[in-house]
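# Inside the fold
Now for the letters of each chain:
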Amino acid sequence: MMENGYVLFRAEGEDISGFLTLASEYELTIQKFCQSEGICFGYLPPSDYRVAARLGQSVGVRLQILEKNGVSFALYRYRQRLGLVVWPVVFLAALLFSQCFLWAVDVTGCENINEDGVRAAAAQLGLKTGLFLPNADLDGMAADLRRDFPGLAAVSFNRVGSRVEIALSESTPSPALESHDPCSLYAAKTGILREISVTRGQHQLTLGQSVAEGQLLVSGITETPDGKISYERAAGRIMAETSHQKEFTLKLTQQEKTFTGEEQVCRSLDLFGQSLPLFLPDGFRKLLGQEVLPYESETTLAPLSFGKFVLPLGVVTEVRRPYAEAEKVFTEIEALAELNEAAEEYERYDLADAQVLGKEQSAAIADGSMTLTVTYTCLEDISEPRPLEIAP
């Protein structure tokens, strides 16, 4: 009875015992019935109280409710406050249901391919905001997107709650020539032959000879004394004196960054792909007269989940590194020193396989920039293997 609710009543009248006898005949469950100072008290289930009141009237006993308790009474009492429980449940249910729809698209793995182009192509395939994800063929879309971009080695559409991540892997050009394939050697650059060392293949090269880029140096097709043709992998080292120019440019007036050393952590609420800042935006800070420095930043998203369900709700954390900008004006001497340093770095890395025999350089200033032009004379191996095209 206590679990389903109960009423505490008071009974007054001359024939209390007659009332109790009638209640027993009607199988009413009166509990904890007691008498104090001529007044009787007892507990009844809510459904039995009306019957008990009629029986009491029939023998001159009046019943009065003193207290109502139990789940049913509590729900009725707080019926106007049920929204405090119902609406959060409804909101959570709406969030869980909303993850069935696409709200944001992320693209990762882009190096040479334009990210916006990938998004536009995916949208043409149906990957748009509002897409009902349970019925979406994400694997089929990924296969179609890969066909639209031949430069992709792999494409996958990964669903994370109400977001879809387009993970790309760009193709790495495979070597056109295997180590055991027949080939000939061609000139990769124009130059004058200074050293010739051929270990396999047929050639008619002489020292001091000028060769043009793309010219055949050593053939992988050889003919035996008895007239038979054989195919082999030409090999050798063809050193030539080459010449080429490289330009290095520096603007004489630049904006330099000086980082303050501080880090600012700003958090936003990501709801259905839209960011709601949980901090004072820069525009308001400026209106309040606060200084707002430019910054570099890194952003991470931590989606929220309910059990195994990833909600279309998350926390975006942005770490900002403020810096101050100052105008830097280079003198001609300073600019030339910077450009010479860039030239030395170029020689150290880009010409690492070549021997620099000499260089000539000249500097000129135009349109607010200084340009250093360096002409290099190098000794390097210009041989480049290319596969033989053998007719079947």
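Scroll up to find the structure.
Figured I'd write up the structure that's included with this text. (Residues numbered from 1 in each chain as written. Predicted model: local features only at pLDDT ≥ 70, side-chain atom pairs only at ≥ 80, totals over all residues. Heavy atoms only, no water.)

## Side note on the overall build of the protein chain
Rules: Secondary structure follows DSSP: runs of H or I at least 4 residues long count as helices, runs of E at least 2 residues long count as strands, and numbering of each begins at the N terminus. To sort residues, take the accessible area from a 1.4 Å probe on protein chains only and compare it with the maximum for the residue type: under 20% means buried, over 50% means exposed, and anything in between is partly exposed. A contact between two residues is defined here by any heavy atoms of the two lying within 4.5 Å. In these tables, accessible area is a Shrake-Rupley quantity obtained with a 1.4 Å probe, and a residue counts as shielded only by the protein chains included in the view.
A count of helical and extended segments in the protein chain gives 8 helices and 22 strands. Looking at the 392 residues of the protein chain, the share that counts as buried comes to 29%. When contacts within the protein chain are restricted to residue pairs at least 6 apart in sequence, those whose partners lie at least 24 apart make up 67%. Accessible area of the protein chain: about 25100 Å², with a carbon and sulfur share of 51%.

## Here we look at the pairing of strand 6 (residues 152-160)
Which entries qualify depends on this criterion: Pairing between two strands is assigned when DSSP locates at least 2 bridges connecting them.
Across 8 bridges, the pairing between strand 6 and strand 7 (residues 163-170) is antiparallel. Pairing of Ser 156 across the sheet is with Ala 167, part of strand 7. The antiparallel hairpin formed by strand 6 and strand 7 contains 2 residues in its connecting segment, where Gly 161 sits at a positive phi of about 65°.

## With respect to the side chain of Thr 373
Here Thr 373 is to be found in strand 21 (residues 369-381). Not counting chain neighbours up to four residues away, the residues in contact with Thr 373 comprise Gln 245, Lys 246, Glu 247, Glu 360, Gln 361 and Ser 362.

## A closer look at the sheet that holds strand 9 (residues 191-200)
The following threshold applies: Each axis is a line fitted through C-alpha atoms, taken for helices only over the stretch in contact, and angles between the N-to-C directions span 0 to 180 degrees.
Taken together, 5 strands build an open sheet; the order of strands is 10-9-14-21-20 and the sheet is antiparallel. For this open sheet the edge positions go to strand 10 (210-211) and strand 20 (355-366), each flanked by a neighbour on one side alone. With 7 bridges connecting them, strand 9 and strand 14 (residues 235-251) associate as antiparallel partners. For Val 198, the partnering residue across the bridge sits in strand 14 and is Gly 236. Contacts from helix 8 (residues 332-349) reach strand 14, strand 20 and strand 21, with the element oriented near 25° to strand 21.

## Observations regarding the pattern of salt bridges
Applied cut-off: One side-chain nitrogen of Lys or Arg within 4 Å of one carboxyl oxygen of Asp or Glu is enough to make a salt bridge.
Scanning the model with the defined rule gives 16 salt bridges in all. In this structure, Glu 115 and Arg 119 form a salt bridge, with 2.8 Å as the shortest nitrogen-oxygen distance. Separated by 4 residues within a single helix, Glu 115 and Arg 119 lie in helix 5 (residues 115-124), roughly one turn from each other. Residues Glu 241 and Arg 194 are paired through a salt bridge, measuring 3.1 Å at the closest nitrogen-oxygen approach. Of this pair, Glu 241 sits in strand 14 while Arg 194 sits in strand 9; the two residues are 47 residues apart in sequence, bridging distant segments of the chain. Salt bridges sharing partners connect three or more residues here, namely Asp 282, Arg 285, Glu 318 and Arg 320.

## A look at the nonpolar core
What counts is decided by this rule: Grouping buried Ala, Val, Leu, Ile, Met, Phe, Trp, Tyr and Cys residues that are joined through side-chain atoms within 4.5 Å yields what is termed a nonpolar core.
Counting 21 residues, the largest nonpolar core has Val 118, Leu 127, Leu 145, Val 155, Phe 157 and Ile 166 as the members making the most contacts within it. Of the residues forming this core, the biggest block, 4 residues, is contributed by helix 6 (residues 138-148). Excluding residues that lie within four positions of it along the chain, Phe 157 makes contacts with Leu 127, Leu 138, Met 141, Ala 142, Leu 145, Val 164, Glu 165 and Ile 166. By size, the runner-up hydrophobic cluster in this structure holds 16 residues, among which are Phe 19, Leu 44, Tyr 49 and Ala 53.

## With respect to the packing of aromatic side chains
Two descriptors summarise a pair of aromatic rings, namely the distance from one centre to the other and the angle between the planes of the rings. We count it as follows: Two rings belonging to Phe, Tyr or Trp (six-membered ring only in the last case) form a pair when the distance between their centres is within 6.5 Å. Interplanar angles under 30 degrees mark stacking, angles over 60 mark edge-to-face geometry, and anything in between is tilted. Placement of a positive charge over a ring is assigned whenever Lys NZ or Arg CZ falls within 6 Å of the ring centre and within 35 degrees of the normal to the ring plane.
Under the defined criterion, the tally for this structure stands at 3 aromatic pairs. Relative to Tyr 346, the ring of Phe 248 has its centre 5.8 Å away and its plane inclined at 70°; by these criteria the two rings are edge-to-face. Placement of Phe 248 in strand 14 and of Tyr 346 in helix 8 is noted, with a sequence separation of 98 residues between them. Using a relative accessible area of 9% as the deciding quantity, one classes Phe 248 as buried. For Tyr 346, a relative accessible area of 15% gives the class buried. A centroid spacing of 5.5 Å and a plane angle of 65° characterise the contact between Phe 259 and Tyr 323, whose relative ring orientation is edge-to-face. In this pair, Phe 259 sits in strand 15 (residues 253-259) while Tyr 323 sits in strand 19 (residues 309-329), placing the two residues 64 residues apart along the sequence. Residue Tyr 323 is classed as buried on the basis of its relative accessible area of 8%. Across from the ring centre of Phe 259, 4.2 Å away, lies the NZ or CZ of Arg 321, which sits over that ring.

## A few points about the environment of Arg 285
Note that Arg 285 resides in helix 7 (residues 282-287). Accessibility expressed as a relative area gives 18% for Arg 285, which makes it buried. For Arg 285, the residues in contact, after removing those within four places along its chain, are Gln 264, Leu 280, Gln 290, Glu 291 and Val 292.

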